[in-house]
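Each chain is listed here by its residues.
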Amino acid sequence: MLAGKRILLIVAGGIAAYKTPDLVRHLRERGAVVRCVLTDGGAQFVTPLTLGAVSEDKVYDSLFSLTDEHEMGHINLSRQADALLVAPATANMLAKIAQGLADDLATTLLLATDKPVLVAPAMNVRMWGHPATQANIDTLAGRGVTVIGPNEGDMACGEYGMGRMSEPLEIAAAIENFFAANGRLTGSRALVTSGPTYEPIDPVRYIANRSSGKQGHAIAEALMRLGTKTTLVTGPTQQPDPPGVQVVHVESARQMLVACEAALPAEIAVCAAAVADWRVDTQTDQKLKKNTGAPPPPLMMTENPDILQTLSNAKNTRPGLVVGFAAETENVIANAQAKLARKGCDWIVANDVSPNTETFAGDANTVHLVTADSVEDWPRLSKAEVGERLADRIADALEAGHG
Ligand code: PMT
């Protein structure tokens, strides 16, 4: 996941610095190139020799080193990195970054950089809880600095609470997520629909379907991981909101359409929701009463707006790439091709939803990617894998100039 990523690791003066050689190892195992900067405080806990050995690179520690400046120039240290990671980020270091101080090599680099900065705070529980530290964290987060942790637990000072630096494996995972989220689709916006719609009959009853939202949510998450600013418009489901995705909860098809239109403009739209084709025209404000002996009330239906078709044909706001789904129980490909033409979208992901397939609500899906001139059969995959593969195909298409 970190193949080729260049990380400038700034080690500040906290006891958690003893974990940084392990952190360097985990980052390098993932393919990252790690270069270390050690503050005076950091050097009290870990030696340049250790960090140099595990990073297989020179360790930088002085702003006024003639040799280093001659060889590299301190500004180049951050120029040559894809991201700066401060671990451990002590209360003092966070305060300096927040204030824009530049009184040593580490803080000068942090002030001079235009690269993403991530910090892994580590300090005593009361220092972490102090309003000054919290204000500094808010300032840094507001400037786009990614804050990793801290964790709750036993501390070197004998106390217990929030302030332990995240474990090296957690920091490595957070960095992977960071780069994934700043990936191939960074800068683009995506709209994804998911789940069923509920079409009310009266205040207590509704018509719905078996969609769980698993597929749509997985697609939204996969697009977000590639860097899209993703809005997920979902009908009622048990699925947790995917972190990092903006989620709009709706109930009916008409509400879903309003939310989708509000989420535009977007470069990508994926309609995976199982939207009710019809709603009850005879919806009542009062609960329908059962009158003994009387026949059940008839339900008159009327057609719902077609969200996929509306997005595909929007004059000024049509997303560059519109992907629909086709839930079929027979003639899967032929029906999907007909839907592609009728609705005016660019691709259709066709899936068989016959009862024995468990496509609805199951964890796996067998899909066919149908375009105007091709049909691609994908193997049976988990819904998460379908989401990832679809997100990759969308990134391929956008990189090739589609949309
Ligand atoms: O949610 P899960 O349990 O994970 O199940 C996933 C799924 C089976 C729901 C999903 O993979 C799927 O197939 N979604 C589309 C379901 C559907 O409504 O298919 P359809 O063939 O009826 O509709 C075709 C397309 O038009 C779909 O993109 C649908 O979102 C869209 N549509 C349909 C009706 C309508 N009024 N508005 C729409 O936008």
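### Structural notes on the site of the ligand
Part 1: Close to the ligand lie 29 residues; S211, S212, A273, K339 and N351 are nearest.
Part 2: Between the ligand and G213 there is a distance of 2.8 Å, counted from an oxygen atom to a backbone nitrogen or oxygen.
Part 3: In the model, an oxygen atom of the ligand is placed 3.0 Å from a nitrogen or oxygen of the A327 main chain.
Part 4: Protein contact buries 96% of the 760 Å² of open area that the ligand shows by itself.
Part 5: Mapped onto the shell around the ligand, the elements with two or more residues apiece are α10 (214-225), α12 (307-312), β17 (321-328) and α13 (332-343).
Part 6: Considering only residue class, the shell around the ligand consists of 15 nonpolar, eight polar and six charged.

### Details of the packing of helix α5 (residues 91-99) against helix α6 (residues 105-112)
Part 1: Remark: α5 packs on α6, axes separated minimally by 10 Å, with the N-to-C direction vectors making an angle of 40°. Comparing the axis directions of α5 and α6 gives the class oblique. Judged by the twist between their axes, the crossing of α5 over α6 is right-handed. Taking contact as the criterion, the partners of M93, K96 and I97 in α5 are, on α6, A106, T107 and L110.
Part 2: Looking at the contact of α5 with α6 residue by residue, the class counts come to four nonpolar, one polar and one charged.

### Thoughts on the sheet that holds strand β3 (residues 59-60)
Part 1: Reading across from one edge, β3-β2-β1-β4-β5-β6 is the order of the six strands in this open sheet, with parallel pairing throughout. Bordering the open sheet on either side are β3 and β6 (146-147), each of which pairs with just one other strand.
Part 2: As paired strands, strand β4 (residues 83-89) and strand β5 (residues 117-121) are joined by four bridges and run parallel to one another. Opposite V86, over in β5, you have V119 as the bridge partner.

### Quick notes on the domain arrangement of the protein
When the parts come together, some accessible area is lost, and that loss is often what is quoted as the size of the interface.
Part 1: What the domain assignment lists for the protein is domain 1 (6-181) and domain 2 (189-399).
Part 2: The centre of domain 1, based on its C-alpha atoms, is set 43 Å off from the matching centre of domain 2.

### Section: the sheet that holds β17
Part 1: Taken in spatial order, the eight strands of this open sheet run β13-β12-β9-β14-β17-β18-β20-β21, and their pairing is mixed. Taken across any chain shown, the strands that pair with only one partner, and hence form the sheet edges, are β13 (246-249) and β21 (375-377). Within the sheet, the average angular offset between the axes of one strand and its neighbour, ignoring direction, is 15°.
Part 2: Across three bridges, strand β20 (residues 367-370) lies against β21 in antiparallel orientation. Counterpart to L369 in the pairing with β21 is E376.
Part 3: α10 contacts β9 (189-194), β12 (229-234), β14 (268-271) and β17 of the sheet and is inclined by roughly 165° relative to β9.

Rules behind the numbers
Residues numbered from 1 in each chain as written. Predicted model: local features only at pLDDT ≥ 70, side-chain atom pairs only at ≥ 80, totals over all residues. Heavy atoms only, no water. Near = heavy atom within 4 Å. Polar contact = N/O pair within 3.5 Å; in protein donor to acceptor, adjacent residues only side chain to side chain. Areas by Shrake-Rupley, 256 points an atom, 1.4 Å probe, with all protein chains shown as cover. Helix = DSSP H or I, 4+ residues; strand = E, 2+ residues; numbered from the N terminus. Nonpolar A, V, L, I, M, F, W, Y, C, P; charged D, E, K, R; others polar. Axes fitted to C-alpha atoms, helices over the stretch in contact; angles between N-to-C directions. Parallel < 35°, antiparallel > 145°, perpendicular 65-115°, else oblique. Left-handed = near helix turned anticlockwise from the far one by under 90°. Contact = heavy atoms within 4.5 Å. Pairing = 2+ DSSP bridges. Domains from an automatic or database assignment.

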